[in-house]
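# Summary of the model geometry
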Amino acid sequence: MAEKITMGANGKLSVPNQPIIPFIEGDGIGPEIWKVAQHVFDQAIAKTYSGQRKIEWKEMLAGEKAFKQTGEWLPADTLKIAKEYIVSIKGPLTTPIGGGIRSLNVAMRQDLDLYACVRPVKWFKGVPSPVTHPEQVDMTIFRENTEDIYAGIEWKACSDEAKKFEKFLMEEMGVKNIRFPGSSGYGVKPVSAEGTKRLVRSTIQYALENHLPSVTLVHKGNIMKFTEGAFKQWGYEVARQEFADKTFTWDEWDEIKKLQGEEQANEVQRKALHEGKLLVKDIIADNFLQQILIAPKDFSVVATLNLNGDYISDALAAEVGGIGIAPGANINYKTGYAVFEATHGTAPKFAGTDSMNPSSVILSGCMMLEYMGWKEAAALITSALQATIMRKTVTIDFYNLMTGATLLKTSEFGNAIIENMGTVTGDGQLKKSSSL
């Protein structure tokens, strides 16, 4: 019997053997990639759990399909369903033109308070990459999802609101450095202690639970001292005040250096890391974008603000084959609300062609299965996807970059993944009777 996922009093999800999972198929290529992904999920779950577990899929509406049926881009009922059933998944959604909701994705994140955008970035062997050593890229981005510029607090240049805000800045706040008053648009960048700390707290917990070596706070605090700089400060406070026995921070190192010298600071750090403590460090955003090309192996888990996270996650995705194979999730770790999603756009000119890569939504589904505790099924899908790529049986995006590849349609690619589930084990190893 199908049942709802619930959040227990202990802060842990309670997942029945037949959970009801809402989905949004998405716009453009969304229906095609979703259909393939759903078939992959169902087959993997059936194979892994011998029919003892099964997902009951429940459609909810958003985007063009919702607008055609209800006159709304994001019906209130959809948000109600997402909250009621806690865990859901979606394909790509279009951005409405001509007013209304600026972004359906942002609207869902803010309404459900999905404060953590989680984007794991890891290379699959055989995927074409523009960098020499994509295998060194293996990190998870935690992007703050509800504040920063994406809060949507802005006013158009020359509007009455912009003039009023400008007057307030100049006359009430004494601001002298507006370069071109009268023709400037304005945006407000809220960054709070509460929003920062809950994100960094979730980031550190994730790193500790997965036995990862470091968390890096990425910021532009050298310029925006009271927003990005505060993000860095509050992030370190979380590490030192809430995880003191499990972490060692660079600001601790700096304090020891000032009081006792660099040699003593280095010795304390070496001892802490030898004891298995998580290293919490920070880096300026522009330097980080350079370092992920030069030395990506130095980073494992990253916490950053909304705008930085947008740039960083797409840049890293490019290093491992592009956004078409990048998964993503939007999570509130306190309420349990989670929406897993394809991270790319709707590609409307390719809608109906059965040609696009469904890997982003498939891997996002793997994240969902892991979140539910069904890690074995997620591992089987990931392993089968790797085997499919290694056999060079791929969709057009990878086919154009490979030599000796076989071109598959979206639906054929999904079938190939399912077929390859019989050639790999759940831990990603080839079965003895199989070869690549």
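Everything here concerns the structure above.
Our subject in this report is the structure included herewith. (Residues numbered from 1 in each chain as written. Predicted model: local features only at pLDDT ≥ 70, side-chain atom pairs only at ≥ 80, totals over all residues. Heavy atoms only, no water.)

### Re the overall build of the chain
Filter applied, for reference: Only DSSP runs of H or I with at least four residues qualify as helices, and only runs of E with at least two residues qualify as strands; both kinds are numbered from the N terminus onward. Radius of gyration here uses only the C-alpha atoms, and the compact-globule reference equals 2.2 Å multiplied by the residue count raised to the power 0.38. Each residue gets one of three labels from its accessible area relative to the maximum for its type: buried under 20%, exposed over 50%, partly exposed in between, using a 1.4 Å probe on protein chains only. We call two residues contacting when some pair of their heavy atoms lies within 4.5 Å.
The number of helices and strands found in the chain is 15 helices and 17 strands. Relative to the compact-globule value of 22 Å for 436 residues, the chain shows a C-alpha radius of gyration of 23 Å, a close match. Projected onto the principal axes, the alpha-carbon positions of the chain cover approximately 70 × 60 × 50 Å. When each of the 436 residues of the chain is scored for burial, the buried share is 49%. Here the contacts in the chain between residues at least 6 apart in sequence split such that 72% fall between residues at least 24 apart.

### Concerning the sheet that holds strand 12 (residues 278-284)
The condition is simple: Here, any two strands with at least 2 DSSP bridges between them count as paired. For helices, the fitted line uses only the C-alpha atoms of the stretch in contact; every axis is such a line through C-alpha atoms, and the angle between N-to-C directions lies from 0 to 180 degrees.
On the basis of which strands lie adjacent, the open sheet formed by 11 strands has the order 4-3-5-15-14-6-7-13-10-12-11 and mixed pairing. Two strands bound the open sheet, and with one partner strand each, they are strand 4 (56-59) and strand 11 (247-249). Across the sheet, the axes of successive neighbouring strands diverge by a mean angle of 25°, strand direction being ignored. Sheet analysis places strand 14 (residues 327-331) next to strand 15 (residues 338-342), joined by 5 bridges and oriented antiparallel. Within strand 15, the position partnered with Asn-330 by the bridge is Val-339. Taken strand by strand, helix 1 (residues 30-49) contacts strand 3 (20-24), strand 4 and strand 5 (87-90), and its axis lies near 160° from that of strand 4. Taken strand by strand, helix 7 (residues 228-242) contacts strand 10 (214-219), strand 11, strand 12 and strand 13 (301-304), and its axis lies near 160° from that of strand 10.

### Describing the packing of helix 1 against helix 15 (residues 410-420)
Stated formally: Any angle that is under 35 degrees is reported as roughly parallel, and any over 145 degrees as roughly antiparallel; angles of 65 to 115 degrees are reported as roughly perpendicular and all others as oblique. In the scheme used here, Gly and all other residues not listed as nonpolar or charged are polar, with Ala, Val, Leu, Ile, Met, Phe, Trp, Tyr, Cys and Pro taken as nonpolar and Asp, Glu, Lys and Arg as charged.
It is the contact of helix 1 with helix 15, at a shortest axis distance of 9 Å, that shows an interaxial angle of 10°. With respect to each other, helix 1 and helix 15 are oriented roughly parallel. For the pair formed by helix 1 and helix 15, the contact residues are Glu-32, Ile-33, Val-36, His-39, Val-40, Gln-43 and Lys-47 on the first element and Thr-410, Ser-411, Gly-414, Asn-415, Ile-417 and Ile-418 on the second. A class-by-class count of the residues in the contact of helix 1 with helix 15 yields 5 nonpolar, 6 polar and 2 charged.

### Examining the layout of surface pockets
To keep it simple, the criterion reads: Grid points spaced at 1 Å and placed over the protein atoms alone form the basis of the search, with a cavity being a set where a 1.4 Å probe fits but cannot get out and a pocket an open set showing protein on both sides within 12 Å along at least five of seven lines. Lining residues have an atom within 4 Å of a point. Grid points are joined across faces, edges and corners, and a volume is the space filled by probe spheres set on the points.
When its volume is computed, the second largest pocket comes out at roughly 400 Å³. Ser-103, Asn-105, Arg-109, Thr-343 and His-344 are, among the 23 residues lining the second largest pocket, the residues nearest its centre. Contributing elements (two or more residues each) for the lining of the second largest pocket: helix 4 (104-111), strand 6 (116-122), helix 11 (306-319) and strand 15. The dominant element in the lining of the second largest pocket, judged by the number of residues it contributes, is helix 4, at 4 residues.

### Brief notes about the packing of aromatic side chains
Heads up, the condition is: In summary, the pairing rule links any two rings of Phe, Tyr or Trp, Trp by its six-membered ring, whose centres are within 6.5 Å, and it sorts them by plane angle into stacked for under 30 degrees, edge-to-face for over 60 and tilted for everything else. Charge-over-ring placement is defined geometrically: NZ (Lys) or CZ (Arg) within 6 Å of the ring centre, and within 35 degrees of the ring normal.
Counted according to the given criterion, the structure contains 13 aromatic pairs. Taking 5.0 Å as the distance between ring centres and 15° as the angle between the ring planes, the aromatic pair formed by Phe-23 and Trp-34 counts as stacked. Taken together, the residues span a long stretch of sequence, with Phe-23 in strand 3 and Trp-34 in helix 1 at a distance of 11 residues. The same class applies to Phe-23 as to Trp-34, namely buried. By way of ring pairs, the aromatic residues Phe-23, Trp-34, Phe-41 and Trp-57 are connected into one cluster. Lying over the aromatic face of Tyr-49, Arg-53 brings its terminal NZ or CZ to 4.6 Å of the ring centre. The cationic tip of Arg-143 hangs over the ring face of Tyr-150; the distance from NZ or CZ to the ring centre is 5.0 Å.

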